[in-house]
Amino acid sequence: QVQLVESGGGLVQAGDSLRLSCAVSGRFFTNIQTGWFRQSPGKEREFVALITWTTGDTAYSDTIKGRFTISRNNADDTMYLQMNGLKSEDTAVYYCAARRSLPLYNQDARSVDWWGQGTQVTVSS
């Protein structure tokens, strides 16, 4: 069982930066991937980024590539999402996610085994 707790959401202006954190705990093996998905009202939950815990290999949605960076700190089991150049369309609830390792091209929300509670990010234009 894996527990995920997000923090760092908030209200920012377009062009600002924000960093989300996700504390990963529980009994998990290192062959997991963690990542971020987001969901806006009336829309399906969509993939943002993934990172493989052991290798650090990453995958990004084309929508945020070049603006967002995912990283993890194995020493304290924390994952981050650095978001730069935020746009109003980035407004959503951001969910921390974890799953047993799969090919990184599998970016389906149904592949996720564990979810965090979500943190709201609001970008005003």
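Remember, predicted model here, so these are calculated numbers, not experimental data.

Engineer: Talk me through the state of the cysteines; I want residue IDs and the actual numbers.
Structural biologist: Considering all chains together, one arrives at 1 disulfide under this definition. Each sulfur of the disulfide joining C22 and C96 lies 1.9 Å from the other. Handedness here is read from the sign of the S-S torsion; for C22 and C96, about -75°, the answer is left-handed. Of this pair, C22 sits in strand β3 (residues 18-26) while C96 sits in strand β9 (residues 92-100); the two residues are 74 residues apart in sequence, bridging distant segments of the chain.

Engineer: Go over the environment of F47, please, and point to the residues and values.
Structural biologist: Structurally, F47 is set in strand β5 (residues 46-52). Accessibility expressed as a relative area gives 9% for F47, which makes it buried.

Engineer: Describe the side chain of R38, naming the residues involved and giving the relevant values.
Structural biologist: Note that R38 resides in strand β4 (residues 32-39). Separated by 2.6 Å, the side chains of R38 and E46 make a polar contact. A distance of 2.9 Å separates the side chain of R38 from the side chain of D90, its partner in a polar contact. Not counting the four nearest positions on each side in its chain, R38 is found in contact with E44, R45, E46, V48, T63, I64, F68, E89, D90, A92, V93 and Y94.

Engineer: I'd like a description of the pattern of salt bridges, backed by residues and values.
Structural biologist: Scanning the model with the defined rule gives 6 salt bridges in all. Between D90 and R67 there is a salt bridge, with the nearest N and O atoms lying 2.8 Å from each other. Of the two residues, D90 sits in the loop between β8 (78-83) and β9 while R67 sits in the loop between β6 (58-60) and β7 (68-73), which places them 23 residues apart along the sequence. Members of the salt-bridge network, linked through shared partners, are R38, E46, R67 and D90.

Engineer: Describe in detail the packing of aromatic side chains, supporting the description with residues and values.
Structural biologist: Enumeration over the complete set of coordinates arrives at 3 aromatic pairs. Centre to centre, the rings of F37 and F47 are 5.8 Å apart; their planes meet at 70°, and the pair counts as edge-to-face. Residue F37 is located in strand β4, and its partner F47 is located in strand β5; the two are separated by 10 residues in the primary sequence. As far as burial versus exposure is concerned, F37 and F47 are alike and both buried.

Conventions we followed
- Residues numbered from 1 in each chain as written.
- Predicted model: local features only at pLDDT ≥ 70, side-chain atom pairs only at ≥ 80, totals over all residues.
- Heavy atoms only, no water.
- Disulfide = S-S within 2.5 Å.
- Helix = DSSP H or I, 4+ residues; strand = E, 2+ residues; numbered from the N terminus.
- Buried < 20%, exposed > 50% of the residue type's maximum accessible area, 1.4 Å probe, protein only.
- Polar contact = N/O pair within 3.5 Å; in protein donor to acceptor, adjacent residues only side chain to side chain.
- Contact = heavy atoms within 4.5 Å.
- Salt bridge = Lys/Arg side-chain N within 4 Å of Asp/Glu carboxyl O.
- Phe/Tyr/Trp six-rings, centres within 6.5 Å; stacked < 30°, edge-to-face > 60°.

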